[in-house]
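The residues making up each chain are set out below.
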Amino acid sequence: MQYCNPAWFLITGHAPVSNYADIDWRTVMSDEDIIDSHWDVLVNKKQAVNFQFRLRREWSNGLGDHGPAWVMASAYPELSNDGRVLSVAGTLTDISQLVWAESVQKLRTEEAIEAKRQQDNFIDMTSHEIRNPLGAVIHCADMIVSSLTDMTDLLGGTMSPLPADKRLQFEELRDGALESVNTIITCSSHQRRIVDDILSLSKLDSRLITIVPSPVRFDSILVEAAKMFDADAKKAGVELRVAKDKSLGTLEIELIMLDTGRLMQVLINLVTNALKFTQKEAVRVVALTMGASRTKLPEQDLDVEFVPPNNLRERGSADNTDWGGGEEIYLYFKVSDTGCGFSDEQKVMIFERFAQASPRTHSQYGGTGLGLFITRELIELHGGEIGVSSRPGGGAAFAFYITARSVLPPKAASGTSTPMTSSQQLEPKPARRSYSLLIVEDNVVNQKVMRKQLEKLGHTVYVVSHGGEALEFLKTTAYWRDNTADDAVTLEAVLMDIEMPVMNGFTCAREIRGAQARGEMEGHLPVIAVSANARHEQINHALECGMDDTIAKPYRILDLISKIERLVSG
């Protein structure tokens, strides 16, 4: 050591000396940090270096936090005229506070990530535990409706064996039972919407929701919406009017690229709200209108005031390659009602998280205050905006637009098929024939309910409790190559739960596809994941494991049958 200033002694903790030759700077360094490589760069490669290392000196911030002191060293070689290293000049900077702050930040980040992971696990578990019994409730309610219909065929009408007074009493009891069952179905659907909202909120917070465009026909959007809300509107005694704006006829476009699933999620939230707030009014009308334009319409044309966009989230656009190279189109939707309405002050609140127009809203109409917040987020992800106009007692109107792109319809001569629209995918159709099905489900109640419903529709049903039993059962079917028995079970599809003991649905699906790949099974056995796991990544994982399709609990049995028909018919 040729020279060091007084601060060097303070930083390193070395005892002050009068002769620099008495300084041994290696004694102040931690034994765990080696700087030989940096010294080699300085002396042999003759290059400047910057590095950090620990000292043996203890550091404390005075608040109880302590640890080894850290310094940042910067050094460079001083060279002679012929290039030899004469000496090394350097500086030390005490960075103990910064290193401590970084460690605290890292710890808090890890804690936040772990807390988010635990929160997601809790949400998934809660969702799973809620969806399972909800599925059984809806299936039982459907069975009661079916049984009441059969009882009416047997005992109702003019050909009834009952006396007139008993027949009238029977019809009153039947109508009361049907009303109760419809209430059960309505409440179950409401609970499902709450669960879906919580899952959507969790995915929005994690930035996991993405817009996935696919081709869809203009006409199918409103057709699907009308079918989706018709039953709920009739049940609420509300007149539902679904109409096309004349602007749709001027575009001369058949197919557009958009995320139909997210669009329907938005329409479900808006129309469901409109029905809820209108059903107690003297005049009960809900109108859904759809229009389109090549240019963005001002809010004055829609007679609403747009909500300022959320600047904390990146707005979506239809500019990437997934949308194709078609013309950009603005799709407009307006949902208006004759409900109770709300004031200008309340309009400011309704799009916020967990916010409702007033405290009385929850007590009178229920809800979580998440629907419109999620609606706004989804619309902005789709490159659009939403606005509202309302006055107390004068109803409300919500209008929004999303961006989409036009696509050319497939040519008949090309041999390619027209893309299936969402309404074709979602529309349940009655079974044309009976199927032989295997239910893989550990919940005894779900086993019993699913079996009864499917057998009532004329299907042959086998039941096992987990994936291991399913694999053993498959060895008794005609699918298994080594099974040459005359009484081999004919099987056409597997309905697979995910969360099961012994062997879960993911593992079982992989084993089935592995057996097919090894030649132990002949042909492709359709497998449908029937589970309460509803996250997008969970659905994708099920498909990656070999499932052919998925359906989330709770569901209507005809929706399941339509998936079975599509897979079995190929």
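Residues numbered from 1 in each chain as written. Predicted model: local features only at pLDDT ≥ 70, side-chain atom pairs only at ≥ 80, totals over all residues. Heavy atoms only, no water.

Chemist: What is the right way to read the overall build of the protein from this model?
Modeler: In terms of helices and strands, the protein carries 17 helices and 16 strands. Per-residue burial for the protein yields a buried fraction of 45% across its 570 residues. Taking as baseline every contact in the protein between residues at least 6 positions apart, the subset at least 24 positions apart corresponds to 71%. Carbon and sulfur atoms provide 53% of the accessible area of the protein, an area that totals close to 30300 Å². (Helix = DSSP H or I, 4+ residues; strand = E, 2+ residues; numbered from the N terminus. Buried < 20%, exposed > 50% of the residue type's maximum accessible area, 1.4 Å probe, protein only. Contact = heavy atoms within 4.5 Å. Areas by Shrake-Rupley, 256 points an atom, 1.4 Å probe, with all protein chains shown as cover.)

Chemist: Any chance you could explain the pairing of strand E15 (residues 527-531) here in plain terms?
Modeler: The side chains of a regular strand alternate, residue by residue, between the two faces of the sheet. Among the 5 residues in E15, 5 count as buried, and that is most of the element. Judged by which residues are buried, E15 turns out to be covered on both faces: Val527, Ala529 and Ser531 on one side and Ile528 and Val530 on the other are all buried. Pairing geometry for strand E14 (residues 493-496) and E15, over 3 bridges, is parallel. Note that in E15 the partner of Val494 across the bridge is Val527. In this view, the connection linking E14 to its parallel neighbour E15 by way of helix H15 (residues 505-517) has right-handed handedness. The pairing of E15 with strand E16 (residues 549-552) spans 4 bridges and is classified as parallel. Its bridge partner being in E16, Val530 is matched across the sheet by Ile551. (Pairing = 2+ DSSP bridges. Right-handed = clockwise from strand over helix to strand, strands pointing away.)

Chemist: Help me understand the UniProt feature "modified residue: 4-aspartylphosphate" (unreviewed entry) in the protein, please; the structure alone is not making it clear to me.
Modeler: Here the UniProt feature "modified residue: 4-aspartylphosphate" (unreviewed entry) sits at Asp497. Among the structural elements, Asp497 can be located in the loop between E14 and H15. On the basis of relative accessible area, Asp497 is assigned to the buried category, the value being 1%. The contacts of Asp497, once residues within four sequence positions are left out, are Val440, Glu441, Asp442, Gly505, Val530, Ser531 and Lys553. (UniProt positions renumbered as here; feature names shortened; annotations may be inferred.)

Chemist: When you look at the pattern of salt bridges in this model, what are you seeing that I'm missing?
Modeler: Side-chain pairs of opposite charge can arise whenever the charged atoms involved come near each other. A complete count under the given rule lists 20 salt bridges for this structure. With a shortest N-O distance of 3.2 Å, Asp94 and Arg57 are connected by a salt bridge. Taken together, the residues Asp94 in strand E3 (residues 85-94) and Arg57 in strand E1 (residues 49-60) connect sequence positions 37 residues apart. Put simply, Glu32, Asp33 and Arg54 are held in one network by salt bridges that share partners. (Salt bridge = Lys/Arg side-chain N within 4 Å of Asp/Glu carboxyl O.)

Chemist: Help me understand the sheet that holds E14, please; the structure alone is not making it clear to me.
Modeler: Sheets are built from strands that pair by backbone hydrogen bonding, the pairs being arranged parallel or antiparallel. Ordered in space as E13-E12-E14-E15-E16, the 5 strands form an open sheet in which the pairing is parallel. Each having just a single partner strand, strand E13 (460-464) and E16 make up the two edges of the open sheet. The mean inter-strand angle of the sheet, taken between neighbouring strand axes irrespective of direction, is 20°. Against the sheet, helix H14 (residues 467-474) contacts strand E12 (436-440) and E13, and its axis sits at roughly 155° relative to E12. Here H15 sits on the sheet in contact with E14 and E15, set at roughly 155° to E14. (Axes fitted to C-alpha atoms, helices over the stretch in contact; angles between N-to-C directions.)

Chemist: What exactly am I supposed to notice about the packing of aromatic side chains here?
Modeler: Two numbers describe a pair of aromatic rings. These are the distance of the centres and the angle of the planes. This model, assessed by the stated rule, comprises 11 aromatic pairs. Consider the rings of Trp25 and Trp39, whose centres lie 6.2 Å apart with planes at 40°: the pair is tilted. Remark: Trp39 occurs in helix H2 (residues 36-43) and Trp25 occurs in the loop between helix H1 (6-12) and H2; sequence separation between them is 14 residues. An aromatic cluster is defined as three or more aromatic residues linked by ring pairs; in this entry it consists of Phe306, Tyr330, Tyr332 and Tyr401. (Phe/Tyr/Trp six-rings, centres within 6.5 Å; stacked < 30°, edge-to-face > 60°.)

Chemist: Sorry if this is basic, but what is going on with helix H5 (residues 218-236) here?
Modeler: Since there are 3.6 residues in each turn of an α-helix, residues three or four apart along the chain are aligned in direction. Here H5 spans 28 Å end to end across 19 residues, near enough to the 27 Å set by a 1.5 Å rise per residue. Looking one or two residues past H5, Gly237 carries a phi angle of roughly 70°, positive in sign. (Expected span 1.5 Å × (residues − 1).)

Chemist: Any chance you could explain the sheet that holds E1 here in plain terms?
Modeler: Taken together, 3 strands build an open sheet; the order of strands is E1-E2-E3 and the sheet is antiparallel. Lying at the two open borders of the sheet, with one neighbouring strand each, are E1 and E3. Strand after strand, the sheet turns through a mean of 30° between neighbouring axes, direction not considered. Both E1 and strand E2 (residues 66-79) contribute to a ladder of 9 bridges, which runs antiparallel. When the bridges of E2 are listed, Asn50 appears paired with Ser74.

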